[in-house]
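Report on the structure
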Amino acid sequence: MAAVDGGEVDHLAGERATAHFDVDAMKVAWAGSRHAVEVNDRMARLVASDPVFRKDTRTMLSRKELFKDTLKKAAHAWKRIVELRLTEEEANLLRLYVDQPGYVDLHWGMFVPAIKGQGTEEQQKKWVPMAYKFQIIGCYAQTELGHGSNVQGLETTATFDPNTDEFVVHSPTLTSSKWWPGGLGKASTHAVVYARLITQGKDYGIHGFIVQLRSLDDHSPLPGITLGDIGGKFGSGAYNSMDNGVLRFDHVRIPRDQMLMRLSQVTREGKYVHSDVPKQLLYGTMVYVRQTIVADASKALSRAVCIAVRYSAIRKQFGSQAGGPETQVLNYKTQQSRLFPLLASAYAYRFVGEWLKWLYTDVMQKLEAKDYSTLPEAHACTAGLKSVTTSATADAIEECRKLCGGHGYLNSSGLPELFAVYVPACTYEGDNVVLLLQVARFLMKTVSQLASGKQPVGTTAYMGNIQYLMQCKSAVNTAGDWLNPAAIKEVFEARALRMAVNCAQNISKAPSQEEGFSELSPDLLESAVAHVQLIIVTKFFEKLQQDIIGHGVKEQLQNLCNIYALFLLHKHLGDFLSTGCITPKQGALANEQLGRLYAQVRPNAVALVDAFDYTDHYLSSVLGRYDGDVYPALYAEAWKDPLNETVIPDGYQEHLRPLLKQQLKFSRL
Ligand SMILES: CCCCCCCCCCCCCC(=O)SCCNC(=O)CCNC(=O)[C@H](O)C(C)(C)COP(=O)(O)OP(=O)(O)OC[C@H]1O[C@@H](n2cnc3c(N)ncnc32)[C@H](O)[C@@H]1OP(=O)(O)O
Ligand SMILES: Cc1cc2nc3c(=O)[nH]c(=O)nc-3n(C[C@H](O)[C@H](O)[C@H](O)COP(=O)(O)OP(=O)(O)OC[C@H]3O[C@@H](n4cnc5c(N)ncnc54)[C@H](O)[C@@H]3O)c2cc1C
């Protein structure tokens with residue numbers, strides 16, 4: 001049976017007509033500038049119009065086919081980047097819209113930044129141009145079979161041999177095998193390897209080394225190196241396009257100058273010298289990537305929300321008893337109360353991601369000038385925001401799948417693959433719980449310094465207002481009062497501070513700081529989440545203070561900001577009540593206001609997801625199509641499944657026919 005033809009109609013035109021704002025101006029607010037809209041659009045369309053970048057049959061490919069397809073796409077993307085002389089910004093976007101995880105992500109996302117951040121100028125001059133021209137392919141080999149979170153616990157050794165001026169890189173145990181690095185399994189020729197530096201008989205802890213893994217002539221592993229892929233991962237398609245790898249070293253020798261020596265050096269004689277920079281700069285690449293992961297969260301979340309909103313406007317159920325039309329599921333208040341907070345979160349993460357990028361750039365400039373004072377805050381912000389936004393996004397993608405009912409479970413909805421690709425973000429680049437505990441540690445330090453009169457700055461500046469925030473009571477009296485940014489900010493600040501102070505007080509009752517921290521760690525996690533949510537809410541309000549142009553755009557963003565904040569208040573009502581920041585009545589008023597805000601978003605919902613400006617190719621979802629022509633597309637998609645290549649399935653003769661024709665009968669029948 002062939003596919004049914006779809007019409008040329010925009011089934012969502014009615015929805016688009018009800019929008020109260022200028023969608024093109026909203027595109028600018030979302031993307032950050034008119035230039036960003038233009039370049040995003042151009043790169044997305046370039047990818048969408050190129051048959052090599054098709055991805056509609058991806059989930060049906062075998063692992064080998066998928067990997068080969070990824071190599072093909074990466075090579076083709078590079079060819080186009082060179083042919084069209086794309087700028088770095090354009091090239092990054094082109095890769096983003098190709099939308100298939102692969103070795104290039106780690107090559108550009110971690111290998112190059114690691115060399116730039118931790119290599120000397122000389123090392124950068126030698127290695128970066130080769131990496132930029134793809135004469136070498138690199139990955140980031142830190143995690144081992146036995147240790148990922150605990151970086152200080154890594155076991156791989158790099159022992160200096162002064163006789164030959166080389167390091168001997170070795171995997172002393174099974175658990176020291178490098179395990180997980182993306183791009184390592186099959187593609188990379190080089191890696192930045194993290195290993196314990198041993199010289200003159202002393203262990204100086206973890207350092208980075210550039211190690212060649214494969215021959216540049218025939219790609220075979222170099223002597224002493226064992227490596228391969230670690231095996232299939234969660235979901236079909238999805239992250240299986242990536243060759244996450246295993247790597248073992250058997251006394252592999254590398255020249256001394258392949259230790260990344262910007263932060264510390266080993267001299268020709270084997271003397272260890274540490275520069276006067278904080279040793280945590282070794283973790284700089286992780287800080288950089290965590291910051292990019294926050295921006296990625298808004299991308300992934302907005303994709304899922306775009307699919308769920310458009311489909312919810314098309315899908316109709318119930319309400320036609322009198323012969324009238326059925327109800328669009330988007331009109332159900334339950335659908336709105338599940339979906340609109342996710343829509344608001346997508347915008348919130350987009351703006352906090354923008355701010356985090358600014359913070360990161362600012363910290364980097366300060367580091368260049370040898371000012372290391374903002375490093376702890378940069379670490380806490382990147383770790384905390386990475387954790388909160390990825391956990392919420394992973395949950396939200398799954399919620400969007402459910403919001404699309406049964407069809408959301410089909411691969412052709414795009415949601416299963418999006419979830420499977422996205423969910424490891426909660427683990428990679430730092431397990432989300434481990435990272436939140438880092439934030440909590442930073443908060444406990446800040447609280448303990450309050451007593452000494454040290455004024456907190458940046459994202460913890462609110463803690464300086466401790467006298468007021470520990471005893472204030474919200475003055476909200478009506479549902480409308482919750483639209484006042486000051487009222488929202490006050491309760492979020494009071495909640496975060498009171499939770500942190502409670503933890504600090506309880507820790508101080510324990511026999512030791514360490515025992516108290518461990519005992520209180522579940523509470524500390526919640527305290528860290530409260531602090532990070534305050535940052536997101538605050539940055540959304542700050543965004544609204546900026547010059548936002550376009551008819552109705554600011555009003556829509558205000559609604560979304562209020563939804564984001566009041567939804568969090570509703571979700572974490574227990575925190576706000578138990579810390580005495582609000583009364584149960586005020587909690588109920590917040591919920592009442594939320595309902596009103598959802599009603600205001602409803603006519604704008606489709607236009608608000610249109611403002612993400614995603615092509616159908618990037619969305620890769622029959623449910624999220626721009627034209628809303630969902631049913632013919634679903635129908636056509638089914639016939640593409642390999643199972644439908646023949647009318648009679650493979651296996652009929654061996655297993656179905658004998659069963660159907662069997663003469664044996666159960667004796668009881
Ligand atoms: C375009 C680009 C696209 C990119 C796409 C990429 C694709 C993505 C694909 C996926 C790719 C996935 C790729 C991958 O997955 S790569 C592998 C990622 N691995 C991890 O993230 C491991 C997580 N673990 C750690 O980071 C450390 O072990 C932690 C932090 C847990 C402990 O650490 P440690 O054992 O040392 O102990 P400590 O807790 O006593 O801390 C000691 C002090 O250090 C401070 N501190 C700690 N950390 C930092 C920091 N970072 N900056 C500044 N400071 C820092 C800390 O506050 C404390 O300060 P103080 O309290 O003493 O003052
Ligand atoms: C898809 C993917 C890609 C990756 N790519 C790379 C890469 O390119 N390069 C690379 O080097 N690595 C990579 N990794 C590895 C990744 O960085 C680690 O898996 C991650 O840091 C988590 O470490 P772990 O696996 O050791 O988890 P574990 O630490 O073993 O976590 C197991 C459980 O223990 C809990 N836990 C651990 N420590 C604590 C603690 N102190 N307190 C409370 N709870 C704790 C965690 O919350 C978790 O629930 C990748 C991983 C994945 C899944």
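Residues numbered from 1 in each chain as written. Chains lettered and ligands numbered in written order. Predicted model: local features only at pLDDT ≥ 70, side-chain atom pairs only at ≥ 80, totals over all residues. Heavy atoms only, no water.

**Notes on the site of ligand 2**
Convention followed: When at least one non-hydrogen atom of a residue lies within 4 Å of a molecule or strand, that residue is treated as near it. Pairs of N or O atoms are called polar contacts if they sit within 3.5 Å, as long as, within protein, a hydrogen donor faces a hydrogen acceptor (for residues adjacent in sequence, only side-chain-to-side-chain pairs). We get accessible surface area from the Shrake-Rupley algorithm with a probe of 1.4 Å; when it comes to residues, only the shown protein chains can shield them. Secondary structure elements follow DSSP: runs of H or I of four or more residues count as helices, runs of E of two or more count as strands, with numbering from the N terminus. Residues are grouped as follows: Ala, Val, Leu, Ile, Met, Phe, Trp, Tyr, Cys and Pro are nonpolar; Asp, Glu, Lys and Arg are charged; every other residue, Gly included, is polar.
Close contacts around ligand 2 come from 20 residues, with Y140, T143, S149, G182 and D431 the closest. Within the backbone of Y140, a nitrogen or oxygen atom sits 2.9 Å from a nitrogen atom of ligand 2. One nitrogen or oxygen atom from the side chain of T143 is found 2.7 Å from a nitrogen atom belonging to ligand 2. Across the complex, the protein chains shield 63% of the 970 Å² of accessible surface that ligand 2 would expose by itself. The greatest single-element share of the shell around ligand 2, amounting to three residues, is contributed by helix α12 (residues 432-450). A per-class count over the shell around ligand 2 returns ten nonpolar, eight polar and two charged.

**Some details on helix α9 (residues 333-368)**
What sets the pattern is the α-helix's 3.6 residues per turn: residues three or four places apart point alike. Note the following rule: Helices are assigned an expected span. That span is 1.5 Å times one less than the residue count.
Here α9 is 36 residues long and its end C-alpha atoms lie 52 Å apart, about the 52 Å a rise of 1.5 Å per residue gives. Phi turns positive, to about 60°, at K370, one or two residues after α9.

**Some details on the packing of aromatic side chains**
What counts, and what does not: Here the aromatic set is Phe, Tyr and Trp, taking the six-membered ring for Trp, and pairing holds for ring centres within 6.5 Å; pairs whose planes are under 30 degrees apart are stacked, those over 60 apart are edge-to-face, and all others are tilted. The buried label applies to any residue whose accessible area, calculated with a 1.4 Å probe on protein chains only, is under 20% of its type's maximum; exposed applies above 50%, and partly exposed to all values in between. We call a charge positioned above a ring when the Lys NZ or Arg CZ atom is no farther than 6 Å from the ring centre and deviates by at most 35 degrees from the ring normal.
The full count for this structure, using the stated rule, is 24 aromatic pairs. Note on Y347 and F612: the rings are 5.4 Å apart at their centroids and 40° apart in plane angle, and the pair reads as tilted. Note that Y347 is positioned in helix α9 and F612 in the loop between α20 (605-610) and α21 (616-619), a separation of 265 residues in sequence. Here Y347 matches F612 in class, with each residue buried. Linked through ring pairs, W30, Y97, Y347, F351, F540, F612, Y614 and Y618 together constitute an aromatic cluster. Looking at R16, its charged tip hangs above the ring of Y626, at a distance of 3.6 Å from the centre. The ring of W30 carries the charged tip of R350 above its face, separated from the ring centre by 5.9 Å.

**Considerations on the site of ligand 1**
As a structural note, the neighbourhood of ligand 1 is formed by 25 residues, with S149, Y283, R290, E429 and K445 the closest of them. At 2.8 Å from an oxygen atom of ligand 1 is found a side-chain nitrogen or oxygen belonging to R290. Taking 1300 Å² as the accessible area of ligand 1 by itself, protein coverage stands at 77%. Every element with two or more residues in the shell around ligand 1 is listed here: α6 (103-118), α8 (284-314) and α12. In terms of residue class, the shell around ligand 1 is made up of ten nonpolar, eleven polar and four charged.

**Some remarks on unusual backbone geometry**
Residues other than glycine seldom take positive phi values, yet A238 does so here, at roughly 50°. Along the chain, A238 falls in the loop between β7 (225-229) and β8 (245-249). Given the relative accessible area of 3%, A238 is considered buried.

**Looking at the pattern of salt bridges**
To keep things clear, this is the line we draw: Salt bridge, as applied in this entry: a Lys or Arg side-chain nitrogen positioned within 4 Å of an Asp or Glu carboxyl oxygen.
Using the criterion set out here, one finds 37 salt bridges in the structure. Its salt-bridge partner being D165, residue R256 comes within 2.5 Å of it at the nearest N-O pair. Taken together, the residues R256 in the loop between β9 (252-255) and β10 (264-266) and D165 in the loop between β2 (157-161) and β3 (166-170) connect sequence positions 91 residues apart. One salt bridge in this structure joins E399 and K402, with 3.9 Å as the shortest N-O distance. One end of the pair, E399, and the other, K402, are both in helix α10 (residues 375-403), three residues apart, so they sit about a helical turn from each other. A network of salt bridges, in which partner residues are shared, links K55, R58, D99, R303 and E417.

**A word on the sheet that holds strand β4 (residues 178-179)**
Filter applied, for reference: Whether two strands pair depends on DSSP finding at least two bridges between them.
Pairing is antiparallel across the open sheet formed by three strands, whose spatial order is β4-β8-β7. Every interior strand has two partners, whereas the edge strands, β4 and β7, have only one. Two elements, β7 and β8, share five bridges in a ladder whose sense is antiparallel. In the sheet register, L227 faces β8, and the bridge partner there is L247.

**What to know about helix α16 (residues 521-545)**
The end-to-end C-alpha distance of α16 is 36 Å, a good match for the 36 Å that 25 residues give at a rise of 1.5 Å each. Among the 25 residues of α16, 18 are classified as buried, and the element is accordingly described as predominantly covered.

**Considerations on the pairing of β2**
Taken residue by residue, a regular strand's side chains alternate between the two faces of the sheet. With four of five residues buried, β2 lies mostly within the body of the structure. With five bridges connecting them, β2 and β3 associate as antiparallel partners. Across the sheet, the residue bridging to D161 is E166, located in β3. Where β2 folds back on β3, the antiparallel hairpin that results is connected by four residues, among which D165 adopts a positive phi of roughly 60°. Where β2 meets strand β5 (residues 190-199), three bridges bridge the pair, whose relative direction is parallel. Counterpart to T157 in the pairing with β5 is R196.

**Quick notes on the confidence of the model for the protein**
The criterion, for reference: Every residue carries a pLDDT, the predictor's confidence in it, which falls somewhere between 0 and 100. Whether two residues are in contact is decided by their heavy atoms, any of which lying within 4.5 Å being enough.
Scored by pLDDT, the protein comes out at a mean of 96, with 98% of its residues at no less than 70. For residues 1-7, every residue scores under 50 in pLDDT, and the model assigns this stretch 13 contacts once sequence neighbours within four places are set aside. Model confidence for the complex is summarised by a pTM of 0.96, with the ipTM given as 0.98.

**Details of the nonpolar core**
This is how the line gets drawn: Working definition of a nonpolar core: buried Ala, Val, Leu, Ile, Met, Phe, Trp, Tyr and Cys residues. They are joined through side-chain atoms within 4.5 Å.
L343, Y347, W482 and L557 are the most contacted members of the largest nonpolar core, which totals 177 residues. For L557, the residues in contact, after removing those within four places along its chain, are M26, A29, Y347, F351, F540, L544 and I548. Ranked by size, the runner-up nonpolar core spans 24 residues in total, among them A158, I225, F249 and V252.

**A short note on the packing of helix α2 (residues 23-31) against α9**
Operational definition: All axes are obtained by fitting lines to C-alpha atoms, using only the stretch in contact for helices, and the reported angles, taken between N-to-C directions, cover 0 to 180 degrees. Angle categories are assigned with fixed cut-offs, so that under 35 degrees is roughly parallel, over 145 is roughly antiparallel, 65 to 115 is roughly perpendicular, and the rest are oblique.
Viewed as axis vectors pointing N to C, α2 and α9 meet at an angle of 50°, and their least axial separation amounts to 9 Å. As judged from the angle between their axes, α2 and α9 are oblique. In this structure, α2 uses M26, A29, W30 and A31 to contact α9, whose residues at the interface are A346, Y347, R350 and F351.

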